[in-house]
Amino acid sequence: GLVTAKCLFHALDCQPMDTRDEEGSQRFHAFGLARVVTGKVDGWYFNKHEQLDFGKGTEDVNDHLPNGRRCCSSETISFHYVEAMETYALFQLLSIGTEEMNRLSDTELGTIVMNKWPERKDLGYYAHPLPIQTDKFWKDTLAVIRKISFSGGSKLKLQMCNAHN
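The rules behind these values
Residues numbered from 1 in each chain as written. Predicted model: local features only at pLDDT ≥ 70, side-chain atom pairs only at ≥ 80, totals over all residues. Heavy atoms only, no water. Helix = DSSP H or I, 4+ residues; strand = E, 2+ residues; numbered from the N terminus. Buried < 20%, exposed > 50% of the residue type's maximum accessible area, 1.4 Å probe, protein only. Polar contact = N/O pair within 3.5 Å; in protein donor to acceptor, adjacent residues only side chain to side chain. Contact = heavy atoms within 4.5 Å. Phe/Tyr/Trp six-rings, centres within 6.5 Å; stacked < 30°, edge-to-face > 60°. Core = buried A, V, L, I, M, F, W, Y, C linked by side-chain atoms within 4.5 Å. Salt bridge = Lys/Arg side-chain N within 4 Å of Asp/Glu carboxyl O.

Just checking my understanding: could you explain the side chain of Ser73 for this structure?
When you line up the elements, Ser73 lands in the loop between helix H4 (61–64) and strand E2 (78–79). By relative accessible area, Ser73 is classed as buried at 0%. For Ser73, the side chain forms a polar contact with the side chain of Asp21, separated by 2.9 Å. Residues contacting Ser73, with those up to four places away along its chain left out, are Asp21, Ser25, Gln26, Arg27, Lys147 and Ile148.

Spelled out as C-alpha cells, the structure:
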C-alpha cells in the first residue's frame with residue numbers, strides 16, 4: 001500500500017488519499033490484530049509512515065499509527081500479514097454477532113477470545129500472541145474486537161472469506 005502509493009504519486013502524479021476515519025483510526029492494517037493494538041509493528045512500516053504527508057500539516061508518526069483502542073476504525077476493512085489460524089480466530093470472533101457481543105461482559109468476551117485465539121506455537125512467523133490479561137493492552141484488545149465487530153465486521157468477514165476462496 002505505502003510503496004504503491006509512492007509509485008503512483010511519482011509515475012502518475014496521483015496524490016495518495018488518507019484512508020483513516022474521522023477519529024484518525026486506520027481502516028487498512030498491515031499487520032494482525034495483536035500487533036496493531038499493541039503497536040508492535042516492524043520498523044520499516046513505522047519509517048514509511050514517518051514519510052507520509054496528507055496535507056494536514058505536520059503530523060507525528062504516532063498520529064498515523066495509533067495503538068490501543070484508537071488503532072482500528074469501526075470501519076476496518078482489512079488486516080494483512082495475518083496467518084491462517086489468526087484469520088480463522090478473528091473470523092470466529094466477528095461471527096459472534098452484535099446482540100450477543102453487547103450482552104457479553106469483558107470477562108466473558110475475554111474467555112471466548114482466549115479459547116478461540118491460537119497459541120503462540122500455532123501463530124506463524126508474522127503473528128504475535130494476544131496481550132496477556134494483565135497487560136495494559138488486554139482491555140484495548142477486547143474493545144477493538146467489539147468495535148470492529150459492530151460496524152465493520154461484515155465487510156471484514158466478507159474479505160476474509162474471499163481470501164480463503
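Now that the structure has been shown, the text picks up again.
So what exactly am I meant to see when it comes to the packing of aromatic side chains here?
In this description, an aromatic ring pair is defined by two values, namely the gap between the centres and the angle between the planes. What the rule picks out here adds up to seven aromatic pairs. Relative to Trp44, the ring of Phe31 lies with its centre 6.1 Å away and its plane at 50°, an arrangement referred to as tilted. Residue Phe31 is located in the loop between strand E1 (28–29) and helix H2 (33–38), and its partner Trp44 is located in helix H3 (residues 43–50); the two are separated by 13 residues in the primary sequence. Residues Trp44 and Tyr45 carry aromatic rings whose centres are separated by 5.5 Å and whose planes lie at 75° to one another, so their mutual orientation is edge-to-face. Overall, Trp44 belongs to the partly exposed group, its relative accessible area being 40%. Among the aromatic residues, ring-to-ring pairing joins Phe31, Trp44, Tyr45, Tyr81, Tyr125 and Tyr126 into one connected group.

I'm lost on the nonpolar core in this one. Help?
For soluble globular proteins, the rule of thumb is that nonpolar side chains tend to be buried together. Grouped together as the largest cluster of nonpolar side chains are 30 residues, with contacts concentrated most on Leu33, Val113 and Trp117. Listed by contribution, the elements that provide at least two residues to this core are H2, helix H5 (84–94), helix H7 (106–116) and helix H8 (138–164). Apart from residues no more than four positions distant in its own chain, Trp117 is found in contact with Leu33, Glu86, Ala89, Leu90, Leu93, Leu123, His128 and Leu130.

What is the right way to look at the environment of Met114 in this model?
If you trace the backbone, Met114 turns up in helix H7. Sequence-wise, Met114 and Ala89 are 25 residues apart; in three dimensions their C-alpha atoms are separated by 9.7 Å. Beyond its immediate sequence surroundings of up to four residues, Met114 is in contact with Gln133 and Trp138.

Would you mind going over the pattern of salt bridges with me for this structure?
Opposite charge on two side chains allows them to pair when their charged atoms are near. Following the criterion strictly, the structure yields six salt bridges and no others. Glu75 is the partner of Arg27 in a salt bridge, and the nearest nitrogen-oxygen pair spans 2.4 Å. In this pair, Arg27 is assigned in the loop between helix H1 (2–12) and E1 and Glu75 in the loop between H4 and E2, connecting sequence segments 48 residues apart. Owing to a relative accessible area of 18%, Arg27 belongs among the buried residues under this scheme. Judged by relative accessible area, which is 28%, Glu75 ranks as partly exposed.

All quantities given are derived from atomic positions and should not be read as evidence of function.
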